Amino acid sequence: MNEWKRIVSDRKRLVLMLCIPLVCFALFFYQKAMDAMWADPQEYRALVEKWRDHDPEEILAALSEQFELSENEMRLKAQVEYLKDYPNYLERVQEQAYKMQHSSIFGADHNSFTYRNIIKTAKDFADLSSDGVRLGDDLAMQNWLAFSWADWGFLAVILLLVMSFLEERKKGLAPIVRSCPAGQGKLQGTRLLILLLYSAGMIFLLYYLPLVVSLVAEGGWDDLSRSVQSLAAFQKCTAQLTIGEFLVQFFFLKTACGFFLGVLIWFALSFLE
């Protein structure tokens, strides 16, 4: 607790730690606002609700009859075309794997990395089906996946915290810390715990808070129960997850990545004077 108080007692560092998530939050909704200038989110949601229970072929036939499509209708059309093609995509993966297995180039050596990779790819996709892949309001998730500034913000806040761990060296207090009984080991353990909790907190502020606010404002909570492959960005994903389950796994994996990234930076900087 004392170490955490020391870290946040620096006013400039505390302001930066709070401002970076706020700036990313503002940039996310600025990007959404620019997107809304071309396509109204409420109109898009209304289109999704209108066609939710229809077959992709029926939706595409109805849209093709229109002389001119709005921005939202074009977005819906692209989404439906992906959903229509996904079963064919799974079939093409298996067909391509079969052809490569029996080709003279890739199928000659069954112990080669290439051949084993072909077998593994076919096996991974064999368990997938298009049953849970269906139409839904993807706008909030699409905007969230397309927002890359959060990654840079996450790197910046991790770097800020790690730099605070090196202050005793800058002030010449490192020998005193080492001379205390279990002083350095206990301090490092406390900092590792702080880094883990800090990483989890920043993941929520930088990634999940904008998504939650976006889902509350535009809707789409019910569509998180669909298969993650319902999103075009996850066409090549072989994990059998819902969108909600993906978000849970993303939180823990991203937190672990932030923790190990912080440890790596901390280790590298400890060798610098």
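What comes next concerns the included structure. (Residues numbered from 1 in each chain as written. Predicted model: local features only at pLDDT ≥ 70, side-chain atom pairs only at ≥ 80, totals over all residues. Heavy atoms only, no water.)

A word on the nonpolar core. M141, W144, F154, L161, Y207, F246 and L247 are the most contacted members of the largest nonpolar core, which has 40 residues in total. Looking at this core, the elements with two or more residues in it are α2 (11-36), α7 (139-146), α8 (149-164), α11 (183-218) and α12 (243-269). Per element, the largest residue contribution to this core is 10 residues, and it comes from α11. Those residues in contact with L247 that lie beyond four places of it in its chain are M141, W144, Y208, L211 and L224. Counting 20 residues, the second-largest nonpolar core is a separate cluster that includes W51, L63, V80 and Y86. (Core = buried A, V, L, I, M, F, W, Y, C linked by side-chain atoms within 4.5 Å. Buried < 20%, exposed > 50% of the residue type's maximum accessible area, 1.4 Å probe, protein only. Helix = DSSP H or I, 4+ residues; strand = E, 2+ residues; numbered from the N terminus. Contact = heavy atoms within 4.5 Å.)

This part takes up the packing of aromatic side chains. Under the counting rule described, the total for this entry stands at 18 aromatic pairs. With a centroid separation of 5.0 Å and 90 degrees between ring planes, the pair formed by F28 and F29 is classed as edge-to-face. Residue F28 is classed as buried on the basis of its relative accessible area of 0%. Given the relative accessible area of 24%, F29 is considered partly exposed. On the numbers, 6.0 Å between centres and 55 degrees between planes, the contact of Y82 with Y86 is tilted. Of this pair, Y82 and Y86 both sit in helix α5 (residues 71-101), four residues apart, which is roughly one turn of that helix. An aromatic cluster of at least three residues, connected via ring pairs, comprises W144, F154, Y207, Y208, F234, F246, F250, F251 and F252. Stacked on the ring of Y44, the Lys or Arg R75 has its end atom at 5.7 Å from the ring centre. (Phe/Tyr/Trp six-rings, centres within 6.5 Å; stacked < 30°, edge-to-face > 60°. Lys NZ or Arg CZ within 6 Å of the ring centre and 35° of its normal.)

Under the 1.5 Å per step criterion, the end-to-end length of helix α6 (residues 113-126) is 20 Å for 14 residues, consistent within 8% with the ideal 20 Å. What α6 keeps buried is the set Y115, I118, A122 and F125. The buried residues of α6 occupy an angular sector of 105 degrees when the element is viewed end-on, so they sit on one face. Projecting away from the buried face of α6 at angles above 90 degrees are the exposed residues F113 and K123. (Expected span 1.5 Å × (residues − 1). Arc of directions from axis to C-beta.)

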